[in-house]
Every structure is written in structure tokens, then in C-alpha cells.
Amino acid sequence: MTQSYIASAQRVIETEVLGLKEQLQHLDEQFIQACELMKACAGRIIVVGMGKSGHIGNKIAATLASTGTPAFFVHPGEASHGDLGMITAQDVVLLISNSGETHEIVSIIPVIKRIGAALVAMTGNPQSSMATLADLHICIGVSQEACPLGLAPTASTTATLAMGDAIAVALLEAKGFTADDFALSHPGGSLGKRLLLTLNDVMHSGDSVPRSHQSQSIREALLEISSKGLGMTAVINDDQQLVGLFTDGDLRRVLEQRIDIHNTALLEVMTPNCTTANANMLAAEALNIMEQKRINGLIVIDQARRPVGALNMQDLLRAGVI
């Protein structure tokens, strides 16, 4: 029985891979024209699908919207009861149906045409009603479904999803959509945070920045480290410029060497030429620096090398960058 499960799964995956490969032959002039039409669209891409095609259509609309092509999904049943009011003459309507004969969709095509929106049909049958009535047709046909009964949409829905992704990515590249653009539509996710957050958004600033003068003793620096809670203190000179860094790790080395913490100045034990950052640096970039240098914290300086901020790994973790 166990081997039977595996054999069934292998057959399904192999059939769906074959269906995906078949889509390569459907990338023709109609596909190009459909992409050009959507790229030039002054309104929205309205995706319409029924049943399993509707579920796939929802995903395609979401992918388009998140990659720089404004889009949303309209259920064809709801469209007949008021949601057609969402469609304008500036929109492009993407109709999805494997058979191309879905009644709920075919019945609203005359109204969409009267509104003046352009129509692109994605079907598995180039001779279907939807393919014939639409302005452009993208074929998504597969030679067979993965379902042994040939009834449940399986390979055909996978192929439809892949074709939707192909359209979205083709438009993304044609529009020059960047990672920064992507982040603007994903500000709440970890990816958005990695692409948008700068150190200015996450660093400790003002009196929260640990600072110790180079002439102060190790003991005094230890008190500053403890009070600010970042595991380090920036070492500054008379001009308030950064000259070094003293960390918990440096303290451990000092204690191992039995150095007098009461009478030894920071200048003698600090780490000079420490790694620094600027406030406009992406938090993700700072994370990469900290990982590469194997350090737990960073001092943020201004153009005059004065400490204006500080952060550690915990700050990046709380901000969702890690």
C-alpha cells in the first residue's frame, strides 16, 4: 500500500510536469499582445474565474498586484449581481476557464464588452466560446489531467497558475519593477522589513547611545555598558569623535589578563578602527556586516565620525530583520 501511494504521487507529478512543459508552445504572438495590453492598461487587471479556476485566478490577481500590476479578482457569480460595477472601460479583464465554456463567465462577456473593457481569455480550447469572444486568447491546454478519471482539475490548474506567473513576471521585467518597489507593497512582511528598514528606524539614539571618553577607566566604561544594555560602549575623544569600541568581549579579555580596571584608561584596551555604519544604511545590510565580521553590535556615526546611534543583534531581531 505504501508503494502504491508513492507510485500514484510520482504519476501525478510526472503528468503535471508534462503539462507545464506543454505551456512553452503556447507562448506565442497572442501571449505577447496580451502582455502588451496589460502593460499599457490605465486601469486594473480584473481576473475572473469559476470553481478551481477561480481559486487559481485569485492567486494570479494577488501575484500581479504584488509585482507592480494593479489587479483584483471578481467572482463571475457575484459579477452578475452588482460586482460588474467594479469594471471600467480602462480595465483589462482576464477570463479563466479550462473548457472555455463556463456559463457564469460566458454570460457576462456581452456586458463587459458593452462597458468597453478589453478581454483576454485563458482557456484550454482555442475554439471555445470564451476564446472566440475575447480580444486575445492564451492557450493553457494540457494533454491530460493527473486525475486518473480525467475529471478533477489537476494538471490544467497547475498549468494555469504557471501561465499566470509567466504573465506577472513578464510584466514585472518589462516595467523595470525593482526590489524596492516590491517592498512598498509588502511592508508588513519580513521581506519588506529587510528591504525598507534603515538603521535610523531601529537604532538607539540620543542619550540611549553608550559613550565613554577615552580617558575614562575600564570600571567607568563598565557602568556605561551596564546602564545602556547594549553590551558595548563607543569610545570618544574631546571632539566627541569615535576613536574605538569597548565591548563585553573586550572586558573578558581584560579580566583574563588581570588588568587593573580601576586605573587603566579605555584608550589602552579599546578596539580601535572598529566597524561602523551610517543611519541611512539598510538594516539588512548591517545584519550582513555583523554576520561577516562576527560581531554583535554596531556604532552608527555621522559624517564627522560622531556616534549618533547604536544597535545589536537583538534590535534587528525585534525589528523582524532576522
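As a reminder, the structure under discussion sits directly above these lines.
Treat the numbers as computed from the prediction; the structure is a model and nothing was measured.

Basis of the calculations
Residues numbered from 1 in each chain as written. Predicted model: local features only at pLDDT ≥ 70, side-chain atom pairs only at ≥ 80, totals over all residues. Heavy atoms only, no water. Patch = residues over 30% accessible without salt bridge, like charges linked within 9 Å, V, L, I, M, F, W, Y side chains within 5 Å. Areas by Shrake-Rupley, 256 points an atom, 1.4 Å probe, with all protein chains shown as cover. Salt bridge = Lys/Arg side-chain N within 4 Å of Asp/Glu carboxyl O. Helix = DSSP H or I, 4+ residues; strand = E, 2+ residues; numbered from the N terminus. Pairing = 2+ DSSP bridges. Contact = heavy atoms within 4.5 Å. Axes fitted to C-alpha atoms, helices over the stretch in contact; angles between N-to-C directions. Buried < 20%, exposed > 50% of the residue type's maximum accessible area, 1.4 Å probe, protein only. Right-handed = clockwise from strand over helix to strand, strands pointing away.

Asks: Hey, could you go over a nonpolar patch on the surface for me, with residue numbers and the actual values?
Replies: On the surface, a nonpolar cluster with roughly 230 Å² of combined accessible area is contributed by Val 12, Ile 13 and Val 17. Summarising the element assignment, Val 12 is placed in helix α1 (residues 2-22).

Asks: Just give me the short version of the sheet that holds strand β9 (residues 242-247), but keep the residues and values in it.
Replies: Strands sit in the order β7-β8-β9-β10 across an open sheet of 4 strands; the sheet is mixed. At either margin of the open sheet sits one strand with a lone partner, and together these are β7 (211-213) and β10 (271-272). Looking at chain direction, β7 and strand β8 (residues 232-236) are connected through 3 bridges and run parallel. When the sheet's bridge partners are listed, His 213 is paired in β8 with Ile 236. Its contacts with the sheet place helix α13 (residues 248-256) against β9 and β10, and it is angled at close to 70° to β9.

Asks: Residues and numbers for the pairing of strand β1 (residues 45-49), please.
Replies: Most of β1 sits out of view: 5 of its 5 residues are buried. By the bridge criterion, 4 bridges tie β1 to strand β2 (residues 71-74) in an arrangement that is parallel. Within β2, the residue paired with Ile 46 across the bridge is Phe 72. Viewed along the sheet, the connection from β1 through helix α3 (residues 52-66) into β2 turns out right-handed. The pairing of β1 with strand β3 (residues 92-97) spans 5 bridges and is classified as parallel. Bridge pairing in β3 places Gly 49 opposite Ile 96.

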